[in-house]
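Structural overview
The residues making up each chain are set out below.
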Amino acid sequence: MMRRDRKAQGLVPVPEWVGDAWTIAAPLGLLYLVTAVASGVSSSARVDLGYMLVNLVIVVGLSIFVSNSGVLSFGHLAFVAIGAWTMSLLTIPVNMKDSIMPELLPVLRDASLPPLVAVLVAAVVGGVVALLAGAALMRLHGLEAGIATFALLMLVVQVLTYSTALGPRSGQSMVGIPQSLDLQSMLVIALLMVVVAWFYSRSRSARLLRASRDDITAAPASGIHVTKHRIIAFAISGAVAAVGGALWAQTNRVVQASQFNLDFTFTTIAMLVIGGMFSLWGAVVGVIVVSVLNHVLGLLESGLQLGGVIVSLPSGSRLIIVGLVLIVVLILRPGGLTGGREARWPLRPKLALGLSRNS
Amino acid sequence: MTSFLQALIDATSAGAVYALAALGIGLVFGVLRLANFAYGEIITASAYTLIIVWPINPVLAVLGAAVVGVAVALLMNYAVFSWLRSQSAATLLIASFGLSILLQRIYEGIFGANVLSASVASGLSTSVNLGGVRLNLLSVVTIVLAAVLLVGVQLFLTRTSIGLQVQAASADFRIARLLGVRSGLVIAVTFAISGFIAAAVAFVLTVQSGTVGPSFGVQPTLFGLIGAVIGGLRNLRGAVVGGFVVGVALSLLTSWLPPEINPFRTAFVYLLVIAVLVLRPNGLFSAGAGKVRT
Amino acid sequence: MPEYPTMPESPENAATSSARPEPILDVQNLTVAYGGVTAVAGVTFHVGPGELVGIIGPNGAGKSSTLLALAGAVRGKADRLTFEGTSLLGRKPEQIARSGFALVPEGHHIFGALSVSDNLRLGEVARHGKGRGKEGLAATREWVLELFPILREFLGRPAGLLSGGQQQQLAIARALLSEPRLLVLDEPSLGLSPTAIDTVFEAIAAVQRAGTAVLLVEQRAQQTVAAAARTHVLGEGRITMTLGPADATDAELLAKAYLGS
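Keep in mind that what you see is a predicted model, and the values were worked out from it rather than measured.

Remarks on the overall build of chain C
Of regular secondary structure, chain C possesses 10 helices and 10 strands. When the 261 residues of chain C are sorted by exposure, 46% land in the buried category. Pairs at least 24 apart in sequence give 68% of the contacts found in chain C among residues at least 6 apart.

What follows is the structure in structure tokens.
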């Protein structure tokens with residue numbers, strides 16, 4: 001495909017490594033650029049930027065599983081919740097924990113770690129839970145997989161809501177999370193997660209998994225142990241999502257189980273789908289596009305002075321518009337804005353890369 | 001013994017509500033491969049109609065709720081899903097998820113984030129004494145209503161030409177069209193019936209709670225959808241039984257779990273759902289080697 | 001120039017019997033492509049009123065794609081693709097089915113969970129809006145059940161319990177209940193026992209005798225060539241040869257036609 005294209009156009013081929021490197025350079029560069037620009041715009045932009053980086057990590061985590069396996073997960077917020085929980089329990093001061101979570105397990109009460117180590121622990125906890133859950137769920141596909149992952153989220157949320165051994169009483173939130181990661185370190189972590197996703201997508205395991213993506217029934221016959229590779233993808237993806245959760249706890253600084261709800265699930269899935277479910281580039285583009293849209297709509301909701309007139313949208317229009325954008329994208333461009341492809345080297349003719357969706 | 005009977009009737013009634021929701025969802029899934037997450041927002045639209053119109057005129061409220069349910073369902077079909085007909089089931093599900101969130105915010109914009117209240121059919125909230133057993137009248141009415149609708153849908157599917165066409169389209173849409181089955185008509189009829197059933201669900205739930213908020217329909221849809229999936233969405237009867245089982249399980253767990261772990265009843269239901277999906281991936285009631293369609 | 005059988009009992013044929021009648025199905029330069037792969041590469045043929053026309057060819061020659069394009073189930077391109085003078089291009093499968101064009105797809109695809117009689121009722125869906133009314137329908141039902149007596153015995157049974165041969169009969173019967181002017185069959189003999197094949201071919205002959213045009217796609221070359229006014233041999237998406245009934249006895253020619261030499 002790639003070779004034929006070049007020949008047909010009679011152009012000197014770009015060395016393959018340039019195209020390859022571009023698939024990681026483009027998302028990293030774009031992310032860095034957007035962060036650099038946004039942090040200079042306004043203080044409200046810096047706040048939204050923090051959430052954008054959080055969402056980026058979550059959606060990249062989600063995409064590690066979805067884009068490589070082709071299976072939809074509605075339950076990744078379970079790992080985000082676990083990551084947020086781990087971060088909170090490990091960084092809230094002990095006296096604070098005593099007052100808001102009097103029935104906390106002693107081991108959790110006494111645990112206290114520096115923030116970066118806590119993020120790492122969150123990744124491990126999220127990854128282990130995802131590994132165990134994946135071992136049970138990964139034989140499912142299609143709608144059943146979607147419902148099962150969603151049930152997993154609900155299960156985790158219910159347990160975190162009502163278990164006083166693991167957190168506050170139902171309806172109460174965890175507060176007192178010290179703010180210890182600035183935008184710079186969040187950006188570094190986000191870039192790192194993109195790199196993790198990129199390296200994973202180039203692994204043998206991910207390649208085998210993608211080979212099964214388009215035809216679920218064909219792959220087992222050709223000798224690929226889909227389930228095993230899906231579990232691997234699910235575990236890595238859960239770990240990255242948990243890192244997102246840890247950053248979310250850091251950014252939001254008030255954590256409650258009910259926050260991991262359908263609206264949040266929707267936001268992350270919308271970002272992934274709008275950008276393009278089947279590539280890392282799609283995840284990054286989707287998060288940035290929706291976050292910028294969200295920021296602008298947020299400004300409009302609070303009333304924006306535009307050349308003498310105040311433009312304002314009713315509150316709540318954000319999700320309406322993001323929902324509309326999602327539906328319109330699904331109708332007009334079901335592959336998402338990126339068409340499900342990885343970033344392509346712009347200076348030369350199209351490079352079809354190994355990561356792009358087979359078609 | 002009497003409390004056991006009461007609990008049983010209440011559980012049956014809870015099961016009946018989710019069975020209806022699963023029926024509404026399963027019908028549409030049959031022809032379109034759409035697991036309509038936004039089904040809840042049809043229920044919510046009918047519920048708003050009931051709560052707002054009931055104090056003015058109960059008859060008008062019931063009729064209005066039915067009309068609104070059918071209209072919203074048809075609107076969803078024509079405005080969104082008819083554009084996505086050739087897409088995968090996953091795409092349709094994501095679109096319906098987006099539509100659900102969007103409509104919830106629209107309801108919030110129109111009616112406010114707080115719940116509206118009115119006592120709808122308060123006469124049904126009383127208990128009747130039947131041979132020493134105190135029965136919640138609403139539970140009985142719910143069971144009867146669900147039974148009537150289930151039989152009605154069954155008769156429609158088997159006795160009418162268009163119902164037969166719905167069955168044919170559910171079994172194999174491509175072949176049905178080659179026989180002259182009009183795809184647009186069959187899908188619209190299915191949406192309309194599912195909207196009518198949503199109105200019935202809204203009626204029962206508004207009598208029960210007397211309030212409606214923007215996310216009123218989410219819970220019954222979630223459990224209806226989950227029930228339909230564990231029962232086997234590819235088989236309407238399985239879907240309905242699945243919805244029923246989820247409702248009964250929720251209700252019985254509520255009455256019987258010891259108080260210290262009672263808050264975890266929903267968690268138990270989700271654990272049960274995961275267990276069923278893992279053990280019977282094609283649904284509890286699939287006939288083993290059922291045709292897998294994705 | 002092939003000869004068309006004249007059919008004085010049918011008024012529309014009587015009017016045109018002196019001249020060459022308009023073909024009921026006219027296909028000129030039909031192409032079908034899936035993605036980048038061409039399945040049918042410019043096929044031209046026609047079916048006259050009441051005629052039986054055959055298409056034979058090996059697997060993958062484009063036979064099914066041709067039929068699916070005619071029925072509107074897959075998109076095709078053509079210089080001309082008309083049924084009774086009306087273009088079929090861009091029309092929905094259900095519209096085409098309702099215009100008197102009945103396709104029995106390969107593998108028959110009956111509705112296994114529904115009863116035999118419900119399957120037959122579904123055949124009547126495309127008949128909707130025809131002029132002949134209730135008595136006409138009763139007569140058609142009677143005729144179809146006489147053609148396939150076995151179905152009458154099993155009317156109340158789930159169709160999935162029928163044997164392969166019986167299911168094929170049901171599929172043809174279902175198509176006939178739409179009272180088509182053109183019956184299109186895609187490999188009706190596939191997977192059937194020799195007796196069942198004979199039953200199916202006899203039924204096809206009876207349908208044609210009753211005045212319905214038939215387009216028969218088959219792998220059974222000899223039987224098809226013998227029955228059809230013309231048989232087109234399809235290979236790699238093109239018509240490579242056209243045979244007449246006389247060629248049915250020429251085993252060498254048939255083998256050559258089939259192997260595509």
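As for the overall build of chain A
Scanning chain A for helices and strands turns up 14 helices and two strands. With 359 residues in all, chain A has 51% of them scored as buried. Relative to all contacts within chain A whose residues are 6 or more apart in sequence, the contacts with residues 24 or more apart total 79%.

Side note on the pairing of strand β7 (residues 182–186) of chain C
Residue and element names in this part refer to chain C. Most of β7 sits out of view: five of its five residues are buried. As paired elements, strand β6 (residues 101–104) and β7 share four bridges and run parallel to each other. Across the sheet, the residue bridging to A102 is L183, located in β7. Here five bridges tie β7 to strand β8 (residues 213–218), and the two strands are oriented parallel to one another. Along β8, the bridge assignment pairs L185 with L216. Once the chain exits β7 it traverses helix α8 (residues 194–209) before rejoining the sheet at β8, and the crossover so formed is right-handed.

What to know about helix α11 (residues 226–252) of chain A
All names here are of chain A. Taking 1.5 Å of rise per residue, 27 residues should cover 39 Å, and α11 covers 37 Å from first to last C-alpha, within 8% of that figure. Most of α11 sits inside the fold, with 24 of its 27 residues counted as buried. One or two steps after α11, the chain reaches R253, where phi turns positive at roughly 65°.

What about the interface of chain C and chain B?
Each partner contributes to the interface: chain C provides 19 residues, whereas chain B provides 16 residues. Secondary structure elements with two or more residues in the side of chain C that touches chain B: α3 (93–98) and α4 (116–123) of chain C. A class-by-class count of the residues in the side of chain C that touches chain B yields 12 nonpolar, three polar and four charged.

Thoughts on the confidence of the model for chain C
Residue and element names in this part refer to chain C. The predicted model of chain C has a mean per-residue pLDDT of 86, with 89% of residues at 70 or higher. A low-confidence stretch, residues 1–18 (pLDDT under 50), is modelled with 19 contacts involving residues beyond four sequence positions or located in other chains. We note a pTM of 0.88 for the whole complex and an ipTM of 0.88 for its interfaces.

Quick notes on helix α2 (residues 63–70) of chain C
Residues and elements named next belong to chain C. When you tally the buried positions in α2, you get eight out of eight residues, the bulk of the element. Within α2, the full set of buried residues consists of K63, S64, S65, T66, L67, L68, A69 and L70. Directly beyond the C-terminal end of α2, a positive phi value near 85° is found at G72.

A word on the interface of chain A and chain B
Between chain A and chain B, the contact holds 36 residues from the first and 36 residues from the second. Looking at the side of chain A that touches chain B, the elements with two or more residues in it are α7 (115–137), α8 (142–162), α12 (262–275) and α14 (317–332) of chain A. Looking at side-chain class alone, the side of chain A that touches chain B contains 27 nonpolar, six polar and three charged residues.

Overview of the environment of V17 of chain B
Looking at the secondary structure, you find V17 of chain B in helix α1 (residues 2–32). Aside from chain neighbours lying at most four places away, what touches V17 of chain B is T142, V201, V204, L205, P220 and G247 of chain B.

Description of the sheet that holds strand β1 (residues 25–34) of chain C
Residue and element names in this part refer to chain C. As summarised here, the arrangement of the four strands in space is β2-β1-β4-β5, forming an open sheet in which the pairing is antiparallel. Two strands bound the open sheet, and with one partner strand each, they are β2 (37–47) and β5 (86–87). Against the sheet, α2 makes contact with β1 and β2, and its axis sits at roughly 65° relative to β2, the strand it touches most.

Points about the sheet that holds strand β9 (residues 230–235) of chain C
Residue and element names in this part refer to chain C. The six strands are arranged β6-β7-β8-β3-β9-β10 in an open sheet whose pairing can be described as mixed. With partners counted over all chains shown, the strands left at the sheet margins are β6 and β10 (238–243), one partner each. For this sheet, the mean inter-axis angle between neighbouring strands, taken without regard to orientation, is 20°. The strands touched by α2 are β3 (52–56), β6, β7, β8 and β9; relative to β7, the strand with the most contacts, the crossing angle is about 145°. Together, β6 and β7 form the strand contacts of helix α7 (residues 164–176), whose direction differs from that of β6 by roughly 170°.

Brief notes about the arrangement of the chains
Here two pairs of chains make contact, and the pair sharing the most contacts is chains A and B. The two units chain A and chain C never meet; even their closest C-alpha atoms stay 9 Å apart.

What to know about the nonpolar core
Counting 299 residues, the largest nonpolar core has V57, A81 and V243 of chain A as its most contacted members. Each residue touching V57 of chain A, except ones within four places of it in the same chain, is listed here: I189, A190, M193, V240, V243, G244 and L247 of chain A.

Brief notes about the pairing of strand β2 (residues 127–130) of chain B
Residues and elements named next belong to chain B. Note: β2 against strand β3 (residues 133–136), four bridges, orientation antiparallel. Each bridged residue has a counterpart across the sheet, and for S127 the counterpart in β3 is N136. Between the antiparallel neighbours β2 and β3 lie two residues, among them G131 with a positive phi of about 55°.

Describing the confidence of the model for chain A
The predicted structure's coordinates, where accompanied by low pLDDT, should not be read in detail. Residues and elements named next belong to chain A. Of the residues in chain A, 90% have a pLDDT of 70 or more, and the chain-wide mean is 86. In the predicted structure, residues 1–10 sits below a pLDDT of 50 and forms 10 contacts with residues beyond four places in sequence or in another chain. Low confidence marks residues 349–359, where pLDDT is under 50. Its contacts with residues over four positions away, or in another chain, come to 28 contacts.

Definitions and cut-offs
Residues numbered from 1 in each chain as written. Chains lettered and ligands numbered in written order. Predicted model: local features only at pLDDT ≥ 70, side-chain atom pairs only at ≥ 80, totals over all residues. Helix = DSSP H or I, 4+ residues; strand = E, 2+ residues; numbered from the N terminus. Buried ≥ 20, exposed ≤ 12 C-beta atoms within 10 Å, placed from the backbone. Contact = placed C-beta atoms within 7 Å. Pairing = 2+ DSSP bridges. Right-handed = clockwise from strand over helix to strand, strands pointing away. Expected span 1.5 Å × (residues − 1). Nonpolar A, V, L, I, M, F, W, Y, C, P; charged D, E, K, R; others polar. pLDDT = per-residue confidence, 0-100. Axes fitted to C-alpha atoms, helices over the stretch in contact; angles between N-to-C directions. Core = buried A, V, L, I, M, F, W, Y, C linked by C-beta atoms within 7 Å.

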